[in-house]
Each structure stands twice: as structure tokens, then as C-alpha cells.
Amino acid sequence: MSKSAQSKTYGVTPPISTAEPTSREVDATQDLVTTLKDLGLFESDQEARKREVVLAKLDSIFKEFVKRVGLSRGIPESMADEVGGKIFTFGSYRLGVHGKGSDIDTLCVAPKFVKREDFFKDMYDVLKARSEVTEITAVADAYVPVIKFQFSDIPIDLVFARLEQSTVPDNLDLADDNLLRGLDERCVRSLNGSRVTDDILRLVPNIDAFRIALRCIKLWAKKRAVYSNVMGFFGGVAWAILVARVCQLYPNAAAGAIVSKFFRIMHKWAWPQPVLLRQIEEGPLAVRVWNPKIYPQDKVHRMPIITPAYPSMCATHNVTVSTQRVTTQEFERAADIADRVMIGSAKWLELFTPSDFFLRYKYYLQVIASSSDPEAQLRWSGMVESRLRQLVMKLELVENLEIAHPYIKSFEKTCRCYTEEERNQAAHGQFPSARADQKAEGGQLLYTTSFYIGLMVKAKDPNSNAPRKLDISWPTREFVSMVRLWDKFDEQNMGIVVQYMKSVALPPEVFEGGEQPRTLKKRPKSRNRLSSSTDENPAKKRRASPSREESNGTAASEQAADHKSSSTPSTPGNGSSLNYSHVAALHAPGTVDRRHNGHVATTASTGSSAYGGLPGLNGGLPGLGVSGAAAGSRGNAGA
């Protein structure tokens, strides 16, 4: 680094230290790079060239699209050839930290005569017609509207912005703030993706150290399941800003030291104090700039990480109470490991141990979006995913619920169903096994996407013997109603189910590698044991639970007694609670009984709905009264 670079101050405060790396820090950095290479984080030269070819094709396709729109608006052909249009990359690809299989965030900038509707209809159709394009879906109503697809097996996220000028030349520089004049908020947000990425690169003192550290942090966040803006965690921009800030505080540090200091600083950060790479600038344009003193919405941001480009925005407005707590726990874990790595008592590989999400909790919510058409399923599941954070925020208001932890990945499954009963079961996560007497071309395919939310129940007050209840009927009902209001919801072919399940009922596909589902020991049934068991920390200890065979195979007389004692349906709105003694003999979580499924069943033919708040309610929580533990909507797709 040059003397001028060393004397330059980066960020909003002076650096904590300008010390040069020690030999141990240099060795740790070399070990980190070797580990990242062994884990396949660097793409080959051939893969890099393939990305360049894809981007060149996209640029040509977009320019041709702009020209066609211009001709349709009456622009002479001689002028239409000159109107231009340009694509910019941003995100991990532009930062130089992308790896194998990473998507390319791409911005399409068009002249003023191209409307957003043109892009999300005509450009979408052009892309969909190409043989190289697969899995294409448009999310035009997202916070940053996007077209997602695979181009020659490379994932692309395509966003759009139009400028208030007649042409877009190839030498356009997006750093000019005046380009934002007259644009709507969606265009400003789209443009800011590229503007922010370029600013980050300008605001770090050592780009090489920054890139190595960011590769490490991104891999860690993905492995530990805290990398997802849509689910309420940090997205790629936020992680990049955080790493850049630590680089500013230690401008001469090696990448290994940056990683170690990153986790300790972030664990101790005094949220909601914002993370800034430079002072927030007030510009001349009539656009909103993040300012909690003026805007009440900005004041409620829990972990504000502010983008450096004008107009500054909060990149982490989606963070909730639960996701903040989970992220902070992960910072603490990683800080301890990184500290041990730096003194030679641990290896970097330990940092990347996969998340134990499906072993961490005893209780989960399963959200299943289903449809009978693969293209419709992409749009439908994407819409449901974009709204899951709203369900988490509603769950956080439930009494006796401490954490509602969303998992960042979904699980897709396709099954062939031959009866309505099979379709109904598949829509509830119970997939029929293949039968030799049925032909492959028979029946109908059902596409499902499952999401999971881990539930941690508050420990019971040892000084209180008062009964408790966990009423999640309102959040689940509100969520189901909200997603069904989507203007593209097809009641005939789309379904949504929200159901509670115990950890023992989790499907095998959620467990990775050496993970094993919980194994439960049978214990004598006792009301006292069940009541006191909620004192245990759900994240650490295991609780006995009826197995699937035990629950479904209980004597008919025992079930009849339970049914008789609680035969009156309870709607989610009436606040009723159920004792575990009523549910212990009923159906295990995830099983389907058309008489006692505890979900909202809305038929396409009548539109009527009934809430089956019966004792089973997909399991109930031991020691707690449970109301409305499952909700769903079923059209002809069987959901």
C-alpha cells in the first residue's frame, strides 16, 4: 500500500489500528485462502469466460428489446438504432467474490420511453422464448422488482431502471447523482444496487484483503443459514458493507485478522447504532434518505446497515426480533472459533459447520405452497416466500413464544397423485409412495415448496403453576388470508398450508450429511411430566413424544374418549386452548386425517371455510394449551 493510501482516512471514524500484519496473521490468511479453495469457492477460468459470454448475450438481447420498444413508440428506425440501453453488474459478481453457481445480479438501464410494464412483459417473453433460458419467473411487485432465470445454467437476477433521457450510451456512468432526477422509488432502488457496489469498492483501503474476508463471511453466513434478506437476515449488500467497515477500521490488516475482528466487533456492536461507510449525504433531489430523526419507519430498524451511495437506504430493514437474536448468537459462536484459529488452536473449517436448525428446536411450523403447474409454482412459492417475514413478525407477538426462526432455504418436491386423497396428503407434506400397478403417465403432478420456522417456547416460570397457552391461530390465519389476496392466486390450482409439527415428524430431506433426526425415548405418560417439560430449553434437550405409529395406532376407545371430551370445534379467533392430555393420543404432526386435520379448508366450488380447532391440531405443545396450530387453504390442487 502506498504512503498516500496509508495516510488516507476511510470511513466515519479514524482506524482502530494501522498496524501491519504479524507473521501469524499472514499464515492464518494463507490457511484461509487454501480452505476456501478446497471448498470450491473460486470458479475456473472456463466458468469465468462462460459468464462473460452470457453477459454479452444479455446485453445484445436488451439492446434489441429497447430498439423494438422504441419503434413501437414511433421512433424512426434510424434513431432507434442509436437509443442504446446498457446492462451493469452489481453484487457479488461486481465485487469479485462470486463462486461456482453464484448468480449474477444484473441491472438493465433503458431510456425514458421504455416502461416498466414493457420490461416485465415483453422482455420476459423474449427471454422465455430462448432455448438457453430456464426456470424464469418475474416478481414485478417485489421491493426491488426482478426477473429471475437461468441462462445457460447460470443464475441471473435481472432488475430494471429507466432514466429521464432519450438515449443510454455505452459510456454511461451511474455515479452521477443527477441521473436520479425524476425517477420513481423502484428505479432508484434498482440503480442503487450498482451504485452501492461501486462505492463499496472505492471505500475499502485494501481490496484484496476485503475480497478474501468477504468470501469467508459470505460462506459462513450461508452455512449458518443467516444469509437471506427476504427471510429477515442480512443480504449480500449488508454483509459486504459490514466487512468493508471492519476493513476501514484496520486498513493494513491481513484478511484472516479482518475475519477474526469482524465477528468480535459485530457481536459487540451497539445496535441500533447504524453501520456507515461514510457520512450520509443530503442531496438536491426529492428522494428519501435514511433518517430515523425524520421518518418513524427508519427509527424501528433493529440492525441498520446503511448503503453508502446517495440516497442512503437501510439494507437491513427486514430484520426482526428473532432474526436479530439468531444472528447475534451466530456472531458470538463464530467469534470464539475465529479467536482460536488466530492462536492456532482451531481450523477455519470449523467456522463453516452447517447450521443445526433442524436439530435446534423441538417445535416447527411447516408452510407448504403447492400447485399443479411448474411455472405457476415458481411464481406462487416465490410470493409465499416473500411474505414469510410477515408471519414471523406476527408470531413474535404471540404470548409464550420466544423465537420464531425462519430457515433460509426451501424444499421442493414433485409427486404424482392418482386420487384426491393423495393430492390432499401431498399438499400437507405426506407424499404417496410409488406403486408398480400405476403407469408413470397416469395421475397428475403436484408441485410443492416447503418452508420451515423453528419455534422456541419461553421457559415456564418455576414460581408459577398457572396454565399456559400458545395461541398461534391469529398469525397463521392472517398469513393464509394475506397470501391468498395475491392478484395471481388461482384457487383452482394453488394451495397453502401452515401446520405445526414436532421435530420427530420432520421429513428426512431436511437433514444434510451426517445430521440425524431426533431419536426419542419412550417414557411413562404423566400429566406432571408433560407440564414440567416446558422448563427445558427447547434448543438443548430432547422431549419424549408419541411416535407416528403410536399416535395413529392408539386404541379406538382412547381416541373416542378424547374426541368426546373436546368435540366442539374452536375457531382461531375465540382464544380457546387445549390441554396436551387431550392431544397425546391423536395424530402425530404432519399426518393427515380428513376428519381432524385442524386446518382451514376452503373449497373452490363453494368458497366456504371452516376452522377445525379439534384436539389433534397436528400435535399440540406439551405442557401448553394450543389453539389454531394449523391453517391452510385448499383449491383443486388439494392443498
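This structure is a prediction, so every number in the text was calculated from the model and none was measured.

*Asks:* Teacher, can you tell me more about the overall build of the protein here?
*Replies:* Helix and strand content of the protein: 20 helices and 13 strands. With 639 residues in all, the protein has 54% of them scored as buried. Considering only intrachain contacts with a sequence separation of at least 6, the fraction spanning at least 24 residues in the protein is 75%.

*Asks:* Honestly, the pairing of strand β11 (residues 494-502) in this entry has me stumped. Any pointers?
*Replies:* Along any regular strand the residues' side chains alternate between the sheet's two faces. Of all nine residues in β11, nine are buried; the element is thus mostly enclosed. Burial along β11 is two-sided: the residues Met494, Ile496, Val498, Tyr500 and Lys502 and Gly495, Val497, Gln499 and Met501 are all buried. Pairing geometry for strand β6 (residues 363-371) and β11, over nine bridges, is antiparallel. Note that in β11 the partner of Val367 across the bridge is Val498.

*Asks:* Which parts of the structure should I look at to understand the side chain of Ser371?
*Replies:* On the secondary structure map, Ser371 appears in strand β6. Note on Ser371: relative accessible area 1%, which makes it buried. A polar contact of 3.2 Å, which involves the side chain of Ser371, links it to the backbone oxygen of Asp373. Side-chain polar atoms of Ser371 contact the side chain of Gln377, separated by 2.8 Å.

*Asks:* Before we go on, may I ask you to explain helix α9 (residues 236-249) in this structure?
*Replies:* For the α-helix, the turn length of 3.6 residues means that residues three or four positions removed from each other point alike. For α9, spanning 14 residues, the distance from its first C-alpha to its last is 20 Å, which sits close to the expected 20 Å at 1.5 Å a residue. Listed as buried for α9 are Ala238, Trp239, Ala240, Ile241, Leu242, Val243, Ala244, Arg245, Val246, Cys247, Gln248 and Leu249. Each element contacted by the buried residues of α9 is listed here: α5 (91-95), α7 (185-202), α8 (207-223), α10 (255-268) and α12 (321-342).

*Asks:* So what exactly am I meant to see when it comes to the side chain of Asn252 here?
*Replies:* Looking at the element boundaries, Asn252 is found in the loop between α9 and α10. Separated by 2.7 Å, the side chain of Asn252 and the backbone oxygen of Thr18 make a polar contact.

*Asks:* Would you take a moment to explain the layout of surface pockets for this structure?
*Replies:* The method is simple in principle: a probe with the dimensions of a water molecule rolls over the atoms, and the space it marks as empty is what remains. Of the volumes computed, that of the second largest pocket is approximately 440 Å³. What lines the second largest pocket is a set of 19 residues, and nearest its centre among them are Tyr143, Glu185, Arg189, Arg288 and Met313. Of all the elements in the fold, those that place two or more residues in the lining of the second largest pocket are α7 and α11 (296-299). Considering every element that reaches the lining of the second largest pocket, the biggest residue donor is α7, with three residues.

*Asks:* I'm lost on the nonpolar core in this one. Help?
*Replies:* Buried together is how nonpolar side chains tend to be arranged in soluble globular proteins. In this structure, Phe210, Trp220, Trp239 and Phe263 are the most contacted members of the largest nonpolar core, which totals 110 residues. The element contributing the most residues to this core is α9, with 10 residues. The residues contacting Phe210, other than those within four sequence positions of it, are Leu95, Ile200, Leu201, Val204, Ala240, Val243, Ala244 and Cys247. Core analysis: the next-biggest nonpolar cluster, separate from the first, contains 32 residues, Val54, Phe119, Met123 and Phe160 among them.

*Asks:* Help me understand the pattern of salt bridges, please; the structure alone is not making it clear to me.
*Replies:* Pairs can form between side chains of opposite charge once their charged atoms are near each other. Taken as a whole, this structure holds 29 salt bridges when the rule is applied. In this structure, the salt-bridge partner of Arg51 is Glu43, at a minimum N-O distance of 2.8 Å. Like Arg51, the residue Glu43 is buried in the burial classification. In this structure, Asp198 and Arg94 form a salt bridge, with 3.0 Å as the shortest nitrogen-oxygen distance. Highlighted residues: Asp198 in helix α7 and Arg94 in helix α5, separated in sequence by 104 residues. Among the ionic contacts, a cluster of salt bridges with common partners joins Arg224, Glu330, Asp356 and Arg360.

*Asks:* How should I be thinking about the packing of aromatic side chains in this particular structure?
*Replies:* Any two aromatic rings considered together are summarised by their centre-to-centre distance and by the angle between their planes. A complete count under the given rule lists 28 aromatic pairs for this structure. Ring centres 6.0 Å apart and planes at 50 degrees place the aromatic pair Trp269 and Trp271 in the tilted group. Here Trp269 and Trp271 have matching classes, each one buried. For the pair Tyr363 and Tyr500, a centre-to-centre distance of 6.2 Å together with 40 degrees between the ring planes defines the contact as tilted. Taken together, the residues Tyr363 in strand β6 and Tyr500 in strand β11 connect sequence positions 137 residues apart. Tyr363 gets classed as buried once you look at its relative accessible area, which sits at 4%. One aromatic cluster is present, formed by Phe357, Phe358, Tyr361, Tyr364, Tyr407, Phe411, Tyr452 and Phe511 through successive ring pairs. Lying over the aromatic face of Tyr143, Arg189 brings its terminal NZ or CZ to 4.0 Å of the ring centre. The residue whose ring lies beneath Arg288 is Tyr295, and the NZ or CZ to ring-centre distance is 4.2 Å.

*Asks:* Would you explain empty space enclosed by the protein in this entry?
*Replies:* Inspection of the entire model under this criterion finds five cavities of 30 Å³ or more. One number sums up the size of the second largest cavity: a volume of about 60 Å³. Together, Gln366, Phe411, Glu412, Lys413, Gly429, Phe431, Thr448, Ser450, Tyr452, Pro507 and Glu509 line the second largest cavity. If you list the elements that add at least two residues to the lining of the second largest cavity, you get β8 (411-417) and β9 (444-457). Of the residues belonging to the lining of the second largest cavity, the class tally is four nonpolar, four polar and three charged.

*Asks:* So what exactly am I meant to see when it comes to the confidence of the model for the protein here?
*Replies:* Caution applies to low-pLDDT regions: their predicted coordinates should not be interpreted in detail. Across the protein, the average pLDDT comes to 82, with 78% of residues at or above 70. Note that residues 1-5 has pLDDT below 50 and, in this model, six contacts with residues that lie over four places away or in other chains. Scored below 50 in pLDDT, residues 523-630 makes 237 contacts in the model with residues more than four places away or belonging to other chains.

*Asks:* I tried to follow the pairing of strand β7 (residues 401-406) on my own but got confused; where do I start?
*Replies:* With five of its six residues buried, β7 lies for the most part within the structure. For β7 and β9, the ladder comprises five bridges, and the chain directions are antiparallel. Across the sheet, Pro406 pairs through a bridge with Ile453, a residue of β9.

Rules used throughout
Residues numbered from 1 in each chain as written. Predicted model: local features only at pLDDT ≥ 70, side-chain atom pairs only at ≥ 80, totals over all residues. Heavy atoms only, no water. Helix = DSSP H or I, 4+ residues; strand = E, 2+ residues; numbered from the N terminus. Buried < 20%, exposed > 50% of the residue type's maximum accessible area, 1.4 Å probe, protein only. Contact = heavy atoms within 4.5 Å. Pairing = 2+ DSSP bridges. Polar contact = N/O pair within 3.5 Å; in protein donor to acceptor, adjacent residues only side chain to side chain. Expected span 1.5 Å × (residues − 1). 1 Å grid on protein atoms, 1.4 Å probe; cavity = no way out; pocket = protein on both sides within 12 Å on 5 of 7 lines; lining within 4 Å. Points joined across faces, edges and corners; volume = space filled by probe spheres on them. Core = buried A, V, L, I, M, F, W, Y, C linked by side-chain atoms within 4.5 Å. Salt bridge = Lys/Arg side-chain N within 4 Å of Asp/Glu carboxyl O. Phe/Tyr/Trp six-rings, centres within 6.5 Å; stacked < 30°, edge-to-face > 60°. Lys NZ or Arg CZ within 6 Å of the ring centre and 35° of its normal. Nonpolar A, V, L, I, M, F, W, Y, C, P; charged D, E, K, R; others polar. pLDDT = per-residue confidence, 0-100.

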